[in-house]
Amino acid sequence: MSHRILLVDDEVDILEFVRYNLVREGYEVYTAQNGAEALQRAAACRPHLILLDMMMPVMDGVETCRAIRRDPRLRDTMIVFLSALGEEEQQLAGFGVGADDYLTKPIKMKLLVSRVQAILKRIDADDTPAAPDSAQTGITVDRERHTVLCDGREITLPRKEFALLELLCAAPGRLVSREEIYARIWGSEVVVGDRTIDVHIRKLRQKIGERRIVTVKGMGYKYEP
């Protein structure tokens, strides 16, 4: 399967350099130089992944990401910011509008290609249908029906618990920081108490089992299948 990638950056040299290297890896690559152009290209080519700069003319990265997330045709498209703005505030803003990851420029091309490969493998895994099995084990998150299969048993979760579990399950084994959870689930402009995440994690563990969500003290949580 040839994955489609849309690169969005107003710096032509960066755009062409990244495009050349990704094409060499076998990807089908499209480009745009501002947010408005990116929306048109994304609607036309339906990319699997969008690499998006933060600071751009016409529409900046945050506006563009927010608009993409409102488009039902691009519901399953992964969005990764690739920006020279590496401050925590900028990263939280990116996650707050629905980005799946945030990479900081400059970045070595081998590392960028590696991250792209890892993200696209997650897409392939999500698209692979599970074999029917009455004794199926593990967690399956169904975004369309807003339900969860836990060891073959369907459970229904409140909206925030569902969103939190979906975030953790999207990248098994990856540490998800508390800051990212706050930004992705509650939004960067919503003030919540320090114990809010802990309460939701405790409720999730009661429903899906204690061992599946691992606490990394002082940092965050990760999902272990």
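Right above here is the structure, for reference.
Everything in this summary refers to the structure shown in the same document. Remember, predicted model here, so these are calculated numbers, not experimental data.

What follows deals with the overall build of the protein. Within the protein, the secondary structure is distributed over 8 helices and 11 strands. A globule of 225 residues ought to have a C-alpha radius of gyration of about 17 Å, and the protein, at 18 Å, matches this closely. Looking at the protein as a whole, 43% of its 225 residues qualify as buried. For the protein, the proportion of contacts with a sequence separation of at least 24, taken over those separated by at least 6, is 56%. When the accessible surface of the protein is summed, it comes to about 12,200 Å², and 51% of that surface belongs to carbon and sulfur atoms. Each charge sign in the protein was given a centre, from 33 positive and 35 negative side chains, and these centres are 5 Å apart.

Of the volumes computed, that of the second largest pocket is approximately 150 Å³. Glu88, Gln91, Leu92, Phe95, Asp101, Tyr102, Arg174, Ser177, Glu179 and Glu180 together form the lining of the second largest pocket. Of all the secondary-structure elements, those providing two or more residues to the lining of the second largest pocket are helix 4 (88–96), strand 5 (101–104) and helix 7 (178–186). If you tally residues by element for the lining of the second largest pocket, the top one is helix 4, at 4 residues.

Okay, empty space enclosed by the protein next. Counted under the stated rule, the structure contains 1 cavity of 30 Å³ or more. Of the volumes computed, that of the largest cavity is approximately 70 Å³. Here the element with the most residues in the lining of the largest cavity is helix 1 (residues 12–24); it accounts for 3 residues. For the lining of the largest cavity, the per-class residue count stands at 8 nonpolar, no polar and 2 charged.

Scoring rules and cut-offs
- Residues numbered from 1 in each chain as written.
- Predicted model: local features only at pLDDT ≥ 70, side-chain atom pairs only at ≥ 80, totals over all residues.
- Heavy atoms only, no water.
- Helix = DSSP H or I, 4+ residues; strand = E, 2+ residues; numbered from the N terminus.
- Rg over C-alpha atoms; globule rule 2.2 N^0.38 Å.
- Buried < 20%, exposed > 50% of the residue type's maximum accessible area, 1.4 Å probe, protein only.
- Contact = heavy atoms within 4.5 Å.
- Areas by Shrake-Rupley, 256 points an atom, 1.4 Å probe, with all protein chains shown as cover.
- Lys, Arg positive; Asp, Glu negative; His and termini not counted.
- Charge placed at Lys NZ, Arg CZ, Asp CG, Glu CD.
- 1 Å grid on protein atoms, 1.4 Å probe; cavity = no way out; pocket = protein on both sides within 12 Å on 5 of 7 lines; lining within 4 Å.
- Points joined across faces, edges and corners; volume = space filled by probe spheres on them.
- Nonpolar A, V, L, I, M, F, W, Y, C, P; charged D, E, K, R; others polar.

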